[in-house]
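Structural overview for review
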Amino acid sequence: MPNFRRLFVITIALSVVVVVILHGNPRKLRFFDPDHRHCGNSKIAHQWAIHAVYGARVSETDYYNRLTVSTEDELPRDKAELHKLLQTLAHVAQKTGRAVRINQRRMPGYDSEYLQPYSLINAPALHEYGVEVVEMGYWNRAVSVTYQNLRIGNRFVAKKIDLHDVDPISVLTQLQNDENVHEYLFSVNELLAIPQDALLSLTGEGLGFDVQKQVWKQTLACGHEEIVDKAPIPLLNDPLLP
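One structure accompanies this document, and this report is about it. (Residues numbered from 1 in each chain as written. Predicted model: local features only at pLDDT ≥ 70, side-chain atom pairs only at ≥ 80, totals over all residues. Heavy atoms only, no water.)

Turning our attention to the nonpolar core. Soluble globular proteins tend to pack their nonpolar side chains together in the buried interior. Grouped together as the largest cluster of nonpolar side chains are 39 residues, with contacts concentrated most on Trp48, Val69, Val100, Ile102, Ile121, Val133 and Phe186. Counting only elements with at least two residues in this core, the list comes to α2 (43-54), α3 (79-96), α4 (117-120), α5 (123-128), α8 (168-174), β5 (183-186) and α9 (188-192). Per-element tally for this core: the top contributor is α3, with seven residues. Listed in part, the nine residues of the second largest apolar core include Tyr63, Leu67, Tyr138 and Trp139. (Core = buried A, V, L, I, M, F, W, Y, C linked by side-chain atoms within 4.5 Å. Buried < 20%, exposed > 50% of the residue type's maximum accessible area, 1.4 Å probe, protein only. Helix = DSSP H or I, 4+ residues; strand = E, 2+ residues; numbered from the N terminus.)

Now the structure itself:
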C-alpha cells in the first residue's frame, strides 16, 4: 500500500509538470493567486492574502502576539470610504504600536475576487508606513494559539473610542496606548464623519500624503473592476462531451 501511494503521488506530480510544460503559465500565477487581483505581487500582498483566508500558521507565534485597532462595524468595500477609514486606523496603529484588524469578511464565489479583503486592503503600502494588518478572525485564533488573553486576565478586553459629539481630532491626538486593552474599536460612521481636511492634517504626512502636490503617493485601499463575461482563468481542458 505505501508503494501504491508513492506511485500515485508521483503520477499526479508528473501530470502537473506536463500540463505546465504544454500550456505554460502565462500569468505566472502561484498557488492561492487564482486571479492576481490583490494589491500587487509582492511577498507582503501574498502573505496578507493567505492570512485573510486561512490565518497564520500555529508556528507564527509572533503574529498572534499583537494588540489591535479595528471597527465595531464591518468595513465597506467602496475604495474611497476604505481609504478614509484606513487613514485613522493606520494612524492609531502607528501611534500605539498595534496592528489593524480588518473587519471585513470574505465573499463567497470565485468571481468575487475583486471584493475580497486581500483585493481591497493595500497591505504593502501600509507595511511601508510601519502598519501591519491582520484578518477579521484574528482574535479567535490568537486566543487559542497563544493564550494572549491570560496576559491581561481571563477575558478579551475591547474599548470603544467614542467620536460622537466630540472633537475627533482632539480625541485621536490625546489617545494613548493601554496594554490592558486588547483592541481599540471605532464606529465606521463616526470615522467617515471626520472632516477630510482635518484628518489629512493629522494623518496625511505619516501615511504618504504629498503636502506640496496635494496627492497621495499611493492609496491605502485598492480598487478592481468586476470581470464581466470573462473567465478569470482560461480552461486548459476540452469541454466535456454532452
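Picking up where we left off.
We now examine the pairing of β5. Alternating positions in β5 separate into two faces, Glu183 and Leu185 on one and Tyr184 and Phe186 on the other, with burial throughout. The pairing of strand β1 (residues 68-71) with β5 spans four bridges and is classified as parallel. Bridging across to β5, Thr68 finds its partner in Glu183. One ladder, built from three bridges, connects strand β4 (residues 158-160) with β5; its direction is parallel. By the bridge assignment for β5, Lys159 is matched with Tyr184. (Pairing = 2+ DSSP bridges.)

With that settled, consider the side chain of Arg101. As for its placement among the helices and strands, Arg101 is situated in strand β2 (residues 99-101). Look past the residues within four positions of Arg101 in its chain and what remains in contact with it is Thr68, Val69, Ser70, Thr71, Val134, Glu135, Met136, Tyr138, Trp139, Glu183 and Leu185. (Contact = heavy atoms within 4.5 Å.)

Our next topic: the environment of Asp73. You can see Asp73 is positioned in the loop between β1 and α3. The exposure class of Asp73 is partly exposed, given its relative accessible area of 31%. Considered as a pair, Asp73 and Asn189 are 116 residues apart in the sequence and their alpha carbons are 8.7 Å apart. Once residues lying within four places of it in the same chain are set aside, the contact partners of Asp73 are Asn103, Phe186, Ser187, Val188 and Asn189. Only 2.8 Å separates the side chain of Asp73 from the backbone nitrogen of Val188, close enough to count as a polar contact. (Polar contact = N/O pair within 3.5 Å; in protein donor to acceptor, adjacent residues only side chain to side chain.)

With that settled, the discussion passes to the side chain of Thr96. You can see Thr96 is positioned in helix α3. A relative accessible area of 9% places Thr96 in the buried class. Only 2.7 Å separates the side chain of Thr96 from the backbone oxygen of Val92, close enough to count as a polar contact. In this view, Thr96 contacts Asn177 and Tyr184; residues no more than four positions away in its chain are not counted.

You will see that Asp165, though not glycine, has its phi angle at about 60°, which is positive. With respect to the helices, strands and loops of the structure, Asp165 is situated in the loop between β4 and α8. Looking at Asp165, the relative accessible area reads 69%, which means it is exposed. Even without being glycine, Gln214 reaches a positive phi, approximately 60°. With respect to the secondary-structure elements, Gln214 resides in the loop between β6 (209-210) and β7 (215-216).

Everything listed is a geometric property; what it means functionally is a separate question.
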